Amino acid sequence: MRPFPPPLTFAEGQRYIYGLLASAAGMFCGAAAGFMIALLMWGGWSPAEEHTIVTIFGWSLGGFIVTMIAVIIGLLAGGPVGRFKLTASRDGASVEADSQ
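Small disclaimer: the values here were computed from a predicted structure and weren't measured. (Residues numbered from 1 in each chain as written. Predicted model: local features only at pLDDT ≥ 70, side-chain atom pairs only at ≥ 80, totals over all residues. Heavy atoms only, no water.)

K.L.:
Would you take a moment to explain the overall build of the protein for this structure?
P.N.:
Secondary structure summary: the protein contains two helices and two strands in total. Going from the N terminus to the C terminus, the protein shows its helices and strands as α-α-β-β. Among the 100 residues that make up the protein, the fraction classed as buried is 15%. Counting only contacts in the protein whose residues sit at least 6 apart along the sequence, the fraction spanning at least 24 positions is 53%. (Helix = DSSP H or I, 4+ residues; strand = E, 2+ residues; numbered from the N terminus. Buried < 20%, exposed > 50% of the residue type's maximum accessible area, 1.4 Å probe, protein only. Contact = heavy atoms within 4.5 Å.)

Below, the structure is given as C-alpha cells:
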C-alpha cells in the first residue's frame, strides 16, 4: 500500500485531519457502545435492579450514539475549510454553503 500524496494546500491538510478525527470518533463510538452492551449483559445485576439498569443504559446508549453521529457529521460536513457556515443572532439563524 502506498502512502497518500502530501496535501498541496492548507485546506487539503485540514480536510485530511478532520477525516482522521471523524474516523477516530466512529471507532470510539463503536468501542464505547460495545463496552456498554457488554457491561449490561455480563454486569451481574440483581433481578430487582435489571429493569432500572436496562432503562438507564438504553437511554444513555441511545443518546451517546446520536451525539457521536452529530459530531461525526459536523466534522465531515462543516470541517475547517468553511464549506458550510452557520450563524445565529438576535435577528435569526442563517446557513451559507460554499462550493469551493
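K.L.:
Before we go on, may I ask you to explain the environment of A22 in this structure?
P.N.:
Assignment of secondary structure puts A22 in helix 1 (residues 10-42). Along the chain, A22 and I69 lie 47 residues apart, while their C-alpha atoms are 9.6 Å from each other. Once you skip the residues sitting within four places of it in the chain, A22 turns out to touch I72, L75 and L76.

K.L.:
Explain the environment of Y16 here, please?
P.N.:
Inspection of the secondary structure puts Y16 in helix 1. The partly exposed category is assigned to Y16, whose relative accessible area is 46%. Sequence-wise, Y16 and P6 are 10 residues apart; in three dimensions their C-alpha atoms are separated by 9.8 Å.

K.L.:
Would you explain the nonpolar core in this entry?
P.N.:
The nonpolar side chains of soluble globular proteins are, as a tendency, buried together. By size, the foremost hydrophobic cluster in this structure holds six residues: A22, A25, C29, M68, I72 and L75. Of all elements in the fold, only helix 1 and helix 2 (50-77) reach the threshold of two or more residues within this core. Those residues within four positions of A25 in sequence are excluded, and the remaining contacts are M68 and I72. Listed in part, the five residues of the second largest apolar core include A33, I53, F57 and L61. (Core = buried A, V, L, I, M, F, W, Y, C linked by side-chain atoms within 4.5 Å.)

K.L.:
Is there a simple way to think about helix 1 in this case?
P.N.:
Turn by turn, an α-helix covers 3.6 residues, leaving residues three or four places apart pointing in a common direction. For helix 1, built from 33 residues, the straight-helix expectation of 48 Å at 1.5 Å per residue is met to within 8% by its first-to-last C-alpha distance of 48 Å. Residues of helix 1 that are buried include every one of G13, Q14, A22, A25, C29, A32, A33 and M36, and no others. Capping the start of helix 1 is the job of one residue whose side-chain oxygen sits 3.2 Å from the backbone nitrogen of E12: T9. Phi for G44, located one or two positions after helix 1, is positive at around 70°. (Expected span 1.5 Å × (residues − 1). Polar contact = N/O pair within 3.5 Å; in protein donor to acceptor, adjacent residues only side chain to side chain.)

K.L.:
Looking at this model, I keep getting lost on the packing of helix 1 against helix 2. Mind explaining?
P.N.:
Two measures define how a pair of helices packs: the angle their axes make with one another and the distance between the axes. Relative orientation of the contacting elements helix 1 and helix 2 amounts to 175°, with a least axis distance of 9 Å. The orientation of helix 1 with respect to helix 2, classified from their angle, is roughly antiparallel. The class makeup of the residues in the contact of helix 1 with helix 2 is 22 nonpolar, two polar and no charged. (Axes fitted to C-alpha atoms, helices over the stretch in contact; angles between N-to-C directions. Parallel < 35°, antiparallel > 145°, perpendicular 65-115°, else oblique. Nonpolar A, V, L, I, M, F, W, Y, C, P; charged D, E, K, R; others polar.)

K.L.:
So what exactly am I meant to see when it comes to a nonpolar patch on the surface here?
P.N.:
Together, F4, Y16, I17, L20 and L21 line one region of the surface with nonpolar side chains, adding up to about 550 Å² of accessible area. One can find L20 in helix 1. Accessibility expressed as a relative area gives 46% for L20, which makes it partly exposed. (Patch = residues over 30% accessible without salt bridge, like charges linked within 9 Å, V, L, I, M, F, W, Y side chains within 5 Å. Areas by Shrake-Rupley, 256 points an atom, 1.4 Å probe, with all protein chains shown as cover. Salt bridge = Lys/Arg side-chain N within 4 Å of Asp/Glu carboxyl O.)

Worth remembering: the numbers are spatial, not functional.
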